[in-house]
Amino acid sequence: MPLASTTGGEQPPAGSPLHAGHCTKSQRFTRKGTTFLQRTGAIAALLGPLALAGCSSDLPGHTPAPTGEPLDPPAEGTAWVIREVRPITTTDPVEDDADMEAFGDLLGSASVAGLGESAHVLHQFNQMRIRLLKYLVERKGFRAIVLESGVIEGRLAERYVQGDPDVPLEDALIGGFTHGSGLYEEVRGMLDWMRTYNESQQDPGAKVHYYGMDLTADGDAPVIALKLLAPYLATVDPTYAEAELSELLALAEKANVVTEEVRRYYEGLGEDHIPGNFLDGFTSISFEQLSQDEQAALEQGIARLNERLAANEATYTSASSSEEHAWAAHAGLLASQMIRDLRSRQAHPAIVYFDENIAVLEAIYKDHLPELTIDQRHFMELDDVEAYKEYFKGRETRELALAENLAWVQSRHGKTMLYAHNFHLMKAEVDINVGDVALGKVGSRSAGEFIAERFGDDYVLIAGTMDTLLGPTGAPLPPEQWPPDFIPTSRCERCLEKSLAEAAEARGSGALLIDLRTASGEARAWLEDDIDSRWQGSFQKVSPLRAFDGVFFVGGVSPSRPYEPGDPAGE
């Protein structure tokens, strides 16, 4: 179908909050001549982090009903929490790491140590990320950290960490992380500590490495991975590069033409990436500009490319190096992950924010609107339970890609720390609610489930959660200053956070760690049940004992600190 147009006067202007990626804009659009209201507030709860932390495309949120008395955790459960928690002195990286032995005991001999967060871009979680990494590297022999950020972009941050003089810090922060996630002092502190540590190591095998594990800032664009491969193949297999690879690249470029137009549009607005909430829609629309035969040719060409890389490993390596070939082979895997994700979204076609995607395309193409083919199935209504389920099922392939990329890093460096949102790292499925729409368990696996399937007990996950929000002075924010989607812990139903907050007061510590696996009796039964757990500012139901091995709790959280060139990191 041709791209529908908005009614007169309703086009959001360039630079509006909608175009800048904000999550609360309401806008009227015309679809096949019918005007309807797209209210994105509920989707913001589904996809966005805390309002204070900006807008993202990751996680669900659920607001418990304000009426009625909240349910309390069982008394034995709370007593067990107070008894078993281990206080953590500070989230800041400090020399004294005696309290970090609590993490060492919980993680044991794990080869993949996961630290989760219940919301992105929070100062205390990201400081603890540095502190745990430092402890694991210095005390437990860990050699890599993997973050929920682009694999390809991450190579720039890794070059900085390894001391490359051609990569200044600012380039590493801006270009080494996707969706602006590197532009914070806590990220600077992490990279600087890794670089300084590496400078003190004479043995290359003792150095620590940085990796991303996610798809690129341009989403499912196989051309990004293929362009990474092109110079390598031109060297080791010029005949193939000139013939088949050039045709494959041309198809991949065509599949990305709309996404590339959108990227340039946002660049003109001062954005360095397409906002994550809208990225899926743009890449799906762009891919569907290929005919079915062209889509199949791109998919099959990528499969043949990977077969060729595997079959010629010895020959290619002798003409380059084992490191170059390892990255080339992984670039081929990334291309296959991207095409797999596009195909999955075709099979499960509901796209959140689809009409906002349309509005941006209107702003880009104006009177020169091409005949953009858009599958009508992509449209979804906010109360469409089945459409939401399709959305989550369609993104299971992204979760699989996260797990595959983590496994690749672990195969290269051994013991690896993993850091991402709890939603991606959890080992059991969550009951998803979108506003008042209850989806239940949709049958879509997380990266953590795939990782647990691969590594078994060698994968240990510590989820991160919190109680309340702090203001600029470090004191708790008064309720009237809370973001609209922030739900106080006192209103959750039988949640672990309620007991942890009580334990923090009883033990006189603002940060705690607990090993859930030691629970027994009524406490264990409570933790095995689906109870409320904080996701962003609100709650979802999940079994803590099935989803996590342990929990790290911070009483109060504040936003991460924007990167300020010239200032000491983290101060």
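For clarity, every value in this text was computed on a predicted model and none was experimentally measured.

A.B. asks: It is not clear to me how the overall build of the chain should be interpreted in this structure. Could you clarify?
C.D. replies: Each helix and strand counted, the chain has 22 helices and 14 strands in total. When each of the 571 residues of the chain is scored for burial, the buried share is 59%. Nonlocal contacts in the chain, meaning residues at least 24 apart in sequence, comprise 78% of its contacts between residues at least 6 apart. By element, 50% of the accessible surface of the chain is carried by carbon and sulfur atoms, the whole surface being about 21,900 Å².

A.B. asks: Help me out: how do you make sense of the pattern of salt bridges in this one?
C.D. replies: Between side chains of opposite charge, a pair can form when the charged atoms approach closely. Tallied over the entire structure, the rule returns 38 salt bridges. The closest approach of N and O atoms between E260 and R263, which form a salt bridge, is 2.5 Å. On the criterion of helical spacing, the pair formed by E260 and R263 is a turn pair, its members being three residues apart in helix α10 (residues 257-268). Relative accessible area serves as the criterion here: at 22%, R263 is assigned to the partly exposed category. Ionic pairing is found between D532 and K541, a salt bridge with its closest N-O pair at 3.1 Å. Given a relative accessible area of 25%, K541 falls into the partly exposed group.

A.B. asks: Sorry, what's going on with the environment of L372 here?
C.D. replies: Mapped onto the elements of the fold, L372 is located in the loop between α15 (354-365) and α16 (385-394). By relative accessible area, which is 4% here, L372 ends up buried. Sequence separation between L372 and V258 is 114 residues; the distance between their C-alpha atoms is 9.0 Å.

A.B. asks: Would you mind going over the sheet that holds strand β11 (residues 511-515) with me for this structure?
C.D. replies: Adjacent strands of a sheet pair through backbone hydrogen bonds, lying either parallel or antiparallel. A sheet is described by the order of its strands in space; here eight strands give the open sequence β3-β11-β14-β10-β4-β7-β5-β6, paired in mixed fashion. The two strands at the open ends of the sheet, each matched to only one other strand, are β3 (86-87) and β6 (209-214). Along the sheet, helix α17 (residues 396-413) makes contact with β4 (112-117), β5 (144-150), β6 and β7 (416-421), crossing β6 at roughly 160°. Of the strands in this sheet, β3, β10 (459-469), β11 and β14 (550-557) touch helix α20 (residues 496-507), which is tilted by about 70° from β14.

A.B. asks: Even after reading the chapter, I still don't get the side chain of T259, so can you show me in this structure?
C.D. replies: Topologically, T259 is positioned in helix α10. For T259, the contacting residues outside a window of four places in its chain are D218, I274, F282, T283 and S286.

A.B. asks: I would appreciate a short explanation of empty space enclosed by the protein in the present structure.
C.D. replies: Vacant regions in the atomic arrangement are exposed by a probe of water-molecule size rolled over the atoms. Inspection of the entire model under this criterion finds five cavities of 30 Å³ or more. Quantified by volume, the largest cavity comes out at close to 80 Å³. The set of elements that each furnish at least two residues to the lining of the largest cavity consists of β10, α20 and β12 (531-535). Of the residues assigned to the lining of the largest cavity, the class counts are five nonpolar, four polar and three charged.

A.B. asks: Quick question: what am I supposed to make of the packing of helix α4 (residues 123-140) against helix α7 (residues 185-199) here?
C.D. replies: The geometry of a pair of packed helices is captured by two quantities: the angle between their axes and the separation between those axes. Between α4 and α7, the shortest axis-to-axis distance is 9 Å and the interhelical angle comes to 15°. Judged on the interaxial angle alone, α7 and α4 are roughly parallel. Of the two possible hands of crossing, α4 and α7 adopt the one that is right-handed. In contact with H123, N126, Q127, R129, I130, L133, K134, V137 and E138 of α4, α7 contributes E186, V187, G189, M190, W193, M194 and Y197. In the contact of α4 with α7, the residues fall into eight nonpolar, four polar and four charged.

A.B. asks: Can you help me understand the packing of helix α9 (residues 238-255) against helix α12 (residues 292-311) in this one?
C.D. replies: At a minimum axis separation of 10 Å, α9 and α12 run at an interaxial angle of 135°. In terms of axis orientation, α9 runs oblique to α12. Between α9 and α12 the crossing geometry is left-handed. Together, Y240, E244, L248, L251, A252, K254 and A255 of α9 and E294, A297, L298, G301, I302, R304, L305 and R308 of α12 make up the contact between the two elements. Considered class by class, the residues forming the contact of α9 with α12 number nine nonpolar, one polar and five charged.

A.B. asks: Even after reading the chapter, I still don't get the pairing of β10, so can you show me in this structure?
C.D. replies: Two faces, one strand: in a regular strand the side chains alternate between the faces of the sheet. The buried fraction of β10 amounts to eleven of the eleven residues, a majority that puts the element mostly inside the structure. In the sheet, β4 pairs with β10 via four bridges, with the strands oriented parallel. Along β10, the bridge assignment pairs V112 with Y459. The pairing of β10 with β14 spans seven bridges and is classified as parallel. Looking at the pairing, T468 lines up with G556 of β14.

Criteria and cut-off values
Residues numbered from 1 in each chain as written. Predicted model: local features only at pLDDT ≥ 70, side-chain atom pairs only at ≥ 80, totals over all residues. Heavy atoms only, no water. Helix = DSSP H or I, 4+ residues; strand = E, 2+ residues; numbered from the N terminus. Buried < 20%, exposed > 50% of the residue type's maximum accessible area, 1.4 Å probe, protein only. Contact = heavy atoms within 4.5 Å. Areas by Shrake-Rupley, 256 points an atom, 1.4 Å probe, with all protein chains shown as cover. Salt bridge = Lys/Arg side-chain N within 4 Å of Asp/Glu carboxyl O. Pairing = 2+ DSSP bridges. Axes fitted to C-alpha atoms, helices over the stretch in contact; angles between N-to-C directions. 1 Å grid on protein atoms, 1.4 Å probe; cavity = no way out; pocket = protein on both sides within 12 Å on 5 of 7 lines; lining within 4 Å. Points joined across faces, edges and corners; volume = space filled by probe spheres on them. Nonpolar A, V, L, I, M, F, W, Y, C, P; charged D, E, K, R; others polar. Parallel < 35°, antiparallel > 145°, perpendicular 65-115°, else oblique. Left-handed = near helix turned anticlockwise from the far one by under 90°.

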